[in-house]
Amino acid sequence: MHHMTLAEIARGLADKKFSSVELTQALLARIAQLDPQINSFISRTEDLALSQAKAADQRRANGESGALLGAPIAHKDLFCTQGIRTSCGSKMLDNFKAPYDATVVAKLAAAGAVTLGKTNMDEFAMGSANESSWYGAVKNPWNLEHVPGGSSGGSAAAVAARLLPAATATDTGGSIRQPAAFTNLTGLKPTYGRVSRWGMIAYASSLDQGGPLARTAEDCALMLQGMAGFDPNDSTSIDEPVPDYSVGLNASLQGLRIGVPKEYFSAGLDPRIAELIHNSIKELEKLGAVIKEISLPNMQHAIPAYYVIAPAEASSNLSRFDGVRFGYRCENPENLQDLYTRSRGEGFGSEVQRRIMVGAYALSAGYYDAYYLKAQKIRRLVKNDFMNAFNEVDIILGPTTPNPAWKLGAKSSDPVAAYLEDVYTITANLAGLPGLSMPAGFVDGLPVGVQLLAPYFQEGRLLNVAHQYQLNTDWHTRTPTGF
Ligand code: GLN
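In this report, we go over the structure that sits alongside the text.

## Quick word on the sheet that holds strand 1 (residues 41–44)
Strand order across the open sheet formed by 11 strands is 1-3-2-4-6-5-10-11-9-7-8, with mixed pairing between neighbours. At either end of the open sheet lies a strand with only one pairing partner, and these are strand 1 and strand 8 (290–294). Each neighbouring strand pair of the sheet contributes to a mean axis angle of 30°, computed without reference to strand direction. Sheet topology note: the strand 7 (residues 257–261)/strand 9 (residues 395–399) ladder contains two bridges and is parallel. Bridge pairing in strand 9 links Gly259 to Ile396. Against the sheet, helix 15 (residues 459–472) touches strand 5 (186–189), strand 9, strand 10 (435–443) and strand 11 (446–453), its axis set at about 25° to strand 10.

Next up, the structure:
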């Protein structure tokens, strides 16, 4: 049962081949048996899952239908879930039970999805390796000595290990696409504003965006359908109609103009990954696409700009966790200052503290113009590069990451080495554009992703291209040994 995609599950449930309760029980047993190897869950929600599955079966018996009705999923542990721990991977929120459901959680529940649990993540979504979680590192099912990527590493590892067909995730600088690439999944970061951020614990509010991780583009379409839409509770949510993402999957790629930025193929890219990306380009050419070389001249400035803007916003967002209003409180504080200092010092891990310090520094009166304002100007240049490129091409294609998944611990002592791995993903967040990563082959037994970027609100086009590619390749069907 665990090998089925969401689309197959939907057909099986509709044809009464199995019930949601049966499927949920089977997957819960599988999680209990296999998750200790990869540590992809922070909380398991067996009781909730079984009651949601029962309710979904009842709704089907009453004549309701829907692709997600009775489908098992999990939520990254920064989506608030009412009455259930929502930890954000941090000791700070270890005992936080959210008083309400995030919009994404509520929408998926209303569509009938069954929540199996809350997935592990880098603390406050800061990281690219899922090693900064207070609940321990997540292991990559493709090689347990390697990282699964981050910060949505728990969602990615769980789906890759066939513990469930799909999960929610968030992407501030690559945290959906990069773990998708590292674990052989399809992951979609929607346009900024497409999916509500209400109830999604903020890292960097102008960059954060929720989206799905699944095995196929077809499944990402089903998940996005359940997640997207205007939300009056999120002031940056955009009031645009949500198209039917499944309908467009089968459009022909004849004449599709694909731009390949020359800057992507620089010295930093593993040549074996470059070769796989060129193979995927050839595959898309066979399907009728036309390739054009383009340039994104400001790409080289994106990492420094991002690593000013994201920590600046984080330092502000995380100020609420002070042991009084929110979060962990230290034992026996001597006075108010001691309470703040020790609660934050003990509650936050070292990477989060580093980002808060960098952000507070960049925002301080003497340095605001030199760092924060400058970074915002670069952000505009990065966006303009994309706008110019999209005058000439329909989508942009390149590698998702410069290297495959590294070994656990390999970059923990050098944060900048890890930041540099985000080179291909963070530009989409700075510009607010949608991006997708899909499986494109293997290097040393580790998965490699190809990234597609599209103009605003063209998620459907990304899913269409990825689906057509997946109809003609089988990389996405490969399963890690032992799972
Ligand atoms: N690796 C990036 C960071 O640490 C992106 C994380 C994310 O997308 N949440 O900021």
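Still more ground to cover, so stick around.
## Some remarks on the site of the ligand
Every one of the 15 residues lining the ligand counts as a neighbour, but Thr172, Gly173, Ser175, Tyr203 and Tyr306 are closest to it. A distance of 2.8 Å separates an oxygen atom of the ligand from a polar atom in the backbone of Gly127. Residue Tyr203 places a side-chain N or O atom 2.6 Å away from an oxygen atom belonging to the ligand. Contact with the protein chains hides 99% of the accessible area of the ligand, taken as 290 Å² for the molecule alone. Its residues placed into classes, the shell around the ligand shows five nonpolar, seven polar and three charged.

## Looking at the environment of Ala113
Here Ala113 shows up in the loop between helix 4 (103–110) and strand 3 (114–119). Expressed as a C-alpha distance, the spacing of Ala113 and Phe96, which sit 17 residues apart in the sequence, is 23 Å.

## A few points about the packing of aromatic side chains
With the rule as written, the count across this model stands at 17 aromatic pairs. Each ring, one from Tyr100 and one from Trp198, has its centre 4.7 Å from the other, and the planes form 40°; the classification is tilted. Within this pair, whereas Tyr100 is found in the loop between strand 2 (72–76) and helix 4, its partner Trp198 is found in the loop between strand 5 and strand 6 (210–214), the two being separated by 98 residues in sequence. Grouping aromatic residues by their ring pairs yields a cluster made of Phe124, Phe321, Phe326 and Phe348. Stacked on the ring of Tyr328, the Lys or Arg Lys91 has its end atom at 4.7 Å from the ring centre. Taking NZ or CZ as reference, Lys411 lies 5.1 Å from the ring centre of Trp406, over its face.

## Here's the deal with the packing of helix 11 (residues 350–363) against helix 12 (residues 368–389)
It is the contact of helix 11 with helix 12, at a shortest axis distance of 7 Å, that shows an interaxial angle of 105°. On the basis of their axis angle, the class for helix 11 and helix 12 is roughly perpendicular. Where helix 11 approaches helix 12, its residues Tyr361, Ala362 and Leu363 are matched on the opposing element by Tyr368, Tyr371 and Tyr372. Each residue belonging to the contact of helix 11 with helix 12 can be placed in one class, and the counts come to six nonpolar, no polar and no charged.

## Description of unusual backbone geometry
Of the consecutive residues Gly150 and Ser151, the connecting peptide bond is found in the cis state with omega at 0°. Tracing the sequence through the fold places Ser151 in the loop between strand 3 and helix 5 (153–160). Of note in this structure, Cys88 is not a glycine but carries a positive phi near 60°. Within the secondary structure, Cys88 is located in the loop between strand 2 and helix 4. Residue class for Cys88 comes out buried when judged on its relative accessible area of 0%. Located in the positive-phi region is Phe457, a residue other than glycine, with phi close to 65°. With respect to the helices and strands, the residue Phe457 is situated in the loop between strand 11 and helix 15.

## What to know about the nonpolar core
Counting residues in each nonpolar core, the largest one holds 106 residues, and the members touching the most others are Phe124, Phe386, Ile396 and Leu463. Top contributing element to this core by residue count: helix 9 (residues 302–317), with nine residues. Residues in contact with Phe124, not counting those within four places in the same chain, are Cys88, Ser90, Met92, Leu93, Ile201, Tyr203, Leu318, Phe321, Phe348 and Val352. With 34 residues, the next largest nonpolar core counts Ala53, Ala156, Ala157 and Val159 among its residues.

About the cut-offs
Residues numbered from 1 in each chain as written. Predicted model: local features only at pLDDT ≥ 70, side-chain atom pairs only at ≥ 80, totals over all residues. Heavy atoms only, no water. Pairing = 2+ DSSP bridges. Helix = DSSP H or I, 4+ residues; strand = E, 2+ residues; numbered from the N terminus. Axes fitted to C-alpha atoms, helices over the stretch in contact; angles between N-to-C directions. Contact = heavy atoms within 4.5 Å. Near = heavy atom within 4 Å. Polar contact = N/O pair within 3.5 Å; in protein donor to acceptor, adjacent residues only side chain to side chain. Areas by Shrake-Rupley, 256 points an atom, 1.4 Å probe, with all protein chains shown as cover. Nonpolar A, V, L, I, M, F, W, Y, C, P; charged D, E, K, R; others polar. Phe/Tyr/Trp six-rings, centres within 6.5 Å; stacked < 30°, edge-to-face > 60°. Lys NZ or Arg CZ within 6 Å of the ring centre and 35° of its normal. Parallel < 35°, antiparallel > 145°, perpendicular 65-115°, else oblique. Buried < 20%, exposed > 50% of the residue type's maximum accessible area, 1.4 Å probe, protein only. Core = buried A, V, L, I, M, F, W, Y, C linked by side-chain atoms within 4.5 Å.

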